[in-house]
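As a plain string of letters, each chain reads:
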Amino acid sequence: MNGTPMTEQVGRLIGNLLAGGGEVFLPGVGSLHTERRPAQRIDRRTVLPPYRVVSFTSQERGVSLVDEIARVMREEGAEAPETAAQEVYDRWLARTREANLLTVEGVGVLAFKNFTPDEAFERRLNPQGREPVRIRAPRRFDWALWLGVAAIAVALVYGGREFLMLYSAEPETVVAEGVAAEPADTVAVNLAELPDAPEGDLAAEQPAAGEELPQSAGAVSPSASAKTVPAEEVHADPGEPMDLLSGRSYVVLGVFSTTENAGRAVREIAAKEPAFRCRIYRFGEKFMVSPFSSDNAGPCAQFIGIHAERFPGMWTYTAR
């Protein structure tokens, strides 16, 4: 091995194995291995994120530290690396072990079968930390839906005003001669369904006798429709497919071949978990259902950990 102190080099070997999620066997001591603990809900709004810990067992598990030392010495061109590796390990164990205490430099301390990692190695195991995080409850309404409601309200107000103006007009000033024999109530209803026009031109636009009065699509005036929010800015229907945003991460509940199948999945999920705000996104030629998205993958992983028991099989997709 090179000129670096022997205890530091051996500690680095052990740290690399454990940080990679592996297992290492220390002859005469036992085995150290990395375990992943799932996220835990502390209360309704606080969650402990998933994290990794180093555990000890007296059984033989993983690669032997002696074999790992021999591999490094073999790469450095040492002669008889197996014998030399055993000597290095024995000297390392004699320097780092005291009674029931084993100190692995740069990694942590093993005391009475309990392993405590160093602060630096803890950050390496859990770069996101182990502090509890607060989660925000999904909103049932978004701005697009509120804009849609406001647009409908504006249309109703202006449409109602135009309807009342037409309905209150004097029948004899607007009814053509060919329909004068109709009952007053019938004439008033037909006038309410006519398109908007200046008062002086109404008589000229009436049909001849025996013809049906034209029916318009609605009583909303052009002034009312001009104040309506454009359709592309209102997403009142959560099942309408949307485009994925590049660089954004999404929690995927499922991918479906048709919008009908995706919409049915959204309804089933809403019945099972009303708090989810699922959306449908275009996913190539298919359609993806997602209840949560974020600018990075970390919150998506926490969301999956929280709901993994009720909704197993969720995964994260980052749009390119």
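Structural data are supplied above this passage.
Residues numbered from 1 in each chain as written. Predicted model: local features only at pLDDT ≥ 70, side-chain atom pairs only at ≥ 80, totals over all residues. Heavy atoms only, no water.

Draft legend 1. Structural context of the overall build of the chain. Assigned secondary structure in the chain consists of 10 helices and 17 strands. Out of the 320 residues in the chain, the part that is buried amounts to 36%. For the chain, long-range pairs separated by at least 24 residues make up 62% of all intrachain contacts whose partners lie at least 6 apart in sequence. Surface summary for the chain: the accessible area is close to 19300 Å², and the carbon and sulfur share equals 54%. (Helix = DSSP H or I, 4+ residues; strand = E, 2+ residues; numbered from the N terminus. Buried < 20%, exposed > 50% of the residue type's maximum accessible area, 1.4 Å probe, protein only. Contact = heavy atoms within 4.5 Å. Areas by Shrake-Rupley, 256 points an atom, 1.4 Å probe, with all protein chains shown as cover.)

Draft legend 2. Broad picture of the pattern of salt bridges. On inspection of all chains with the given rule, the structure shows 10 salt bridges. For the salt bridge of Arg123 with Glu119, the shortest nitrogen-to-oxygen distance reads 3.3 Å. One end of the pair is Arg123 and the other is Glu119, both in helix α4 (residues 119-125) and 4 residues apart, which spans about a single turn. Accessibility classification places Arg123 together with Glu119 in one group, the exposed group. Between Asp295 and Arg248 there is a salt bridge, with its nearest N and O atoms 2.5 Å apart. Of this pair, Asp295 sits in the loop between β16 (292-294) and α10 (297-307) while Arg248 sits in the loop between α8 (222-226) and β12 (249-252); the two residues are 47 residues apart in sequence, bridging distant segments of the chain. One connected set of salt bridges, linked through shared partners, spans Glu68, Arg71 and Glu75. (Salt bridge = Lys/Arg side-chain N within 4 Å of Asp/Glu carboxyl O.)

Draft legend 3. Examining a nonpolar patch on the surface more closely. Taken together, the side chains of Trp143, Trp146 and Val149 present a nonpolar region at the surface, about 410 Å² in accessible area. Relative to the assigned elements, Trp143 resides in helix α5 (residues 143-167). You can call Trp143 exposed: its relative accessible area is 64%. (Patch = residues over 30% accessible without salt bridge, like charges linked within 9 Å, V, L, I, M, F, W, Y side chains within 5 Å.)

Draft legend 4. Examining the packing of aromatic side chains more closely. Within the structure shown, the criterion is met by 6 aromatic pairs. Ring centres 5.5 Å apart and planes at 40° place the aromatic pair Phe276 and Phe303 in the tilted group. Placement of Phe276 in the loop between α9 (259-272) and β14 (279-283) and of Phe303 in helix α10 is noted, with a sequence separation of 27 residues between them. Taken together, the ring pairs in this structure connect Phe276, Phe292, Phe303 and Phe311 into an aromatic cluster. (Phe/Tyr/Trp six-rings, centres within 6.5 Å; stacked < 30°, edge-to-face > 60°.)

Draft legend 5. Fine view of the nonpolar core. Ile14, Leu26, Leu32, Leu65, Ile69, Tyr89 and Trp92 are the most contacted members of the largest nonpolar core, which totals 32 residues. Mapped onto this core, the elements with two or more residues apiece are α1 (6-19), β1 (23-26), β5 (51-57), α2 (65-75), α3 (81-96), β8 (101-104) and α4. At 7 residues, α1 tops the list of elements feeding residues into this core. Not counting chain neighbours up to four residues away, the residues in contact with Leu65 comprise Val10, Ile14, Val24, Phe25, Leu26, Tyr89 and Trp92. Counting residues in each nonpolar core, the second largest holds 14 residues, with Val251, Ile280, Phe303 and Met314 among its members. (Core = buried A, V, L, I, M, F, W, Y, C linked by side-chain atoms within 4.5 Å.)

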